[in-house]
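Coordinate analysis (summary)
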Amino acid sequence: MRSTPIYEVHAVKYAHLPRKAWEVQITPDPHDADFPMDYFVWVAIPLDEAGNRAIGGKPIVIDTGFNAQVGKKRGREVKRNPADLLGDLGIDPSEVEDVVITHLHYDHVGNWDKFPKARFHLQDKEMQFATGRHMCQDPFRHAFEVDDIVGMVRAVYGKRVVFHDGDEEIQPGLSVHLIGGHTMGIQSVRVMTRNGWMVLASDASH
Ligand SMILES: [Zn+2]
């Protein structure tokens, strides 16, 4: 018998952006090359001992992507809304109970409103960053959407945000880990799978 529950993890691609390296990197590259970007959300689905989806097992969604309206404003095409794509995996967004928000950039928290029952797992430092003095600076602020941040603040007042301070287990086999760097409070997720532990690094790594 396994001591740690296992999960099946899906990377769900919902948008793509053709780009050049100079558009992405802080220091322009003189040998400019294509640097296309794919946009993902992830979901961890609990499995039973036999490796099938556990009956009554509750999927944990990791990040919620951005919607078509924000994509258009920022010149990115959303192929399909991430919440609809989760439906293709048999997951009803309106019934999801736990969503990990790795960080509050627009492409990670944009469809929070499609998860009306969810608790949002967020690092203390990320909320501090997104609502504090650094947002007075253009380079820090440009990747945040104020409506998303206001939505998360409303979720706090609705008792729907679970704050984490560092490394914490959300449930057996799935934990969050404060990384920092890309944003003050970016967190990665560690999940036990059939093949052992895997880390969903989000923007903590390319
Ligand atoms: Zn980011």
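Everything numeric here is computed off the predicted structure, so don't read it as measured data. Per chain, residues are indexed from 1 in the order of the written sequence. Only residues with pLDDT of 70 or above have their local features reported here, since the model is predicted, and side-chain atom pairs are shown and tallied only from 80 upward, although totals for entire chains, interfaces and linings are computed over all residues.

All right, on to the overall build of the chain then. What counts as a helix is a DSSP run of H or I of at least four residues, what counts as a strand is a run of E of at least two, and both are numbered from the N terminus. Assigned secondary structure in the chain consists of 7 helices and 11 strands. Relative to a compact globule of 206 residues, whose C-alpha radius of gyration would be 17 Å, the chain shows 17 Å and is just as compact. With respect to the principal axes defined by its C-alpha atoms, the chain has extents near 55 × 40 × 30 Å. The exposure scheme places C-beta atoms from the backbone and then counts, for each residue, the other C-beta atoms within 10 Å of its own, assigning buried at 20 or more, exposed at 12 or fewer, and partly exposed in between. The 206 residues of the chain split such that 36% are buried. For the radius of gyration, the atom set is restricted to C-alpha positions; the globular benchmark scales as 2.2 Å times the number of residues to the power 0.38.

In this section: helix H7 (residues 146-157). Expected helix span is computed as 1.5 Å times (number of residues minus one). With 12 residues, H7 ought to run about 16 Å at 1.5 Å a step, and its terminal C-alpha atoms sit 17 Å apart, in line with that. At the exit of H7 stands Lys159, carrying a positive phi of roughly 60°.

This next bit is on the pairing of strand S6 (residues 119-123). For S6, the buried fraction is high: 4 of the 5 residues fall into the buried class. One requirement defines pairing of two strands: DSSP has to find at least two bridges between them. Where strand S5 (residues 98-100) lies against S6, 3 bridges are found, and the strand directions are parallel. Residue Val99 lies in a different strand from S6, and its bridge partner there is Phe120. Two elements, S6 and strand S7 (residues 161-164), share 4 bridges in a ladder whose sense is parallel. The partner of Leu122 across the bridge, within S7, is Phe163.

Another aspect to go through is the nonpolar core. If you look at soluble globular proteins, the nonpolar side chains tend to sit buried side by side. For the purposes of this analysis, a nonpolar core is taken to be any set of buried Ala, Val, Leu, Ile, Met, Phe, Trp, Tyr and Cys residues that are connected through C-beta atoms within 7 Å. Counting residues in hydrophobic clusters, the biggest one holds 41 residues, and the most contacted among them are Val61, Ile62 and Val99. By definition, residues are in contact whenever their C-beta atoms, placed on the basis of the backbone, come within 7 Å of each other. Look past the residues within four positions of Ile62 in its chain and what remains in contact with it is Val41, Trp42, Val43, Ala44, Val100, Thr102, Val189 and Leu200.

Glancing now at the environment of Gln187. Structurally, Gln187 is set in strand S10 (residues 187-193). For the pair Gln187 and His164, spaced 23 residues apart in the sequence, the C-alpha separation amounts to 9.5 Å. The contacts of Gln187, once residues within four sequence positions are left out, are Thr102, Gln123, His164, Val176, His177, Leu178 and Ile179.

So far we have only geometry, and geometry alone does not tell us how the molecule works.
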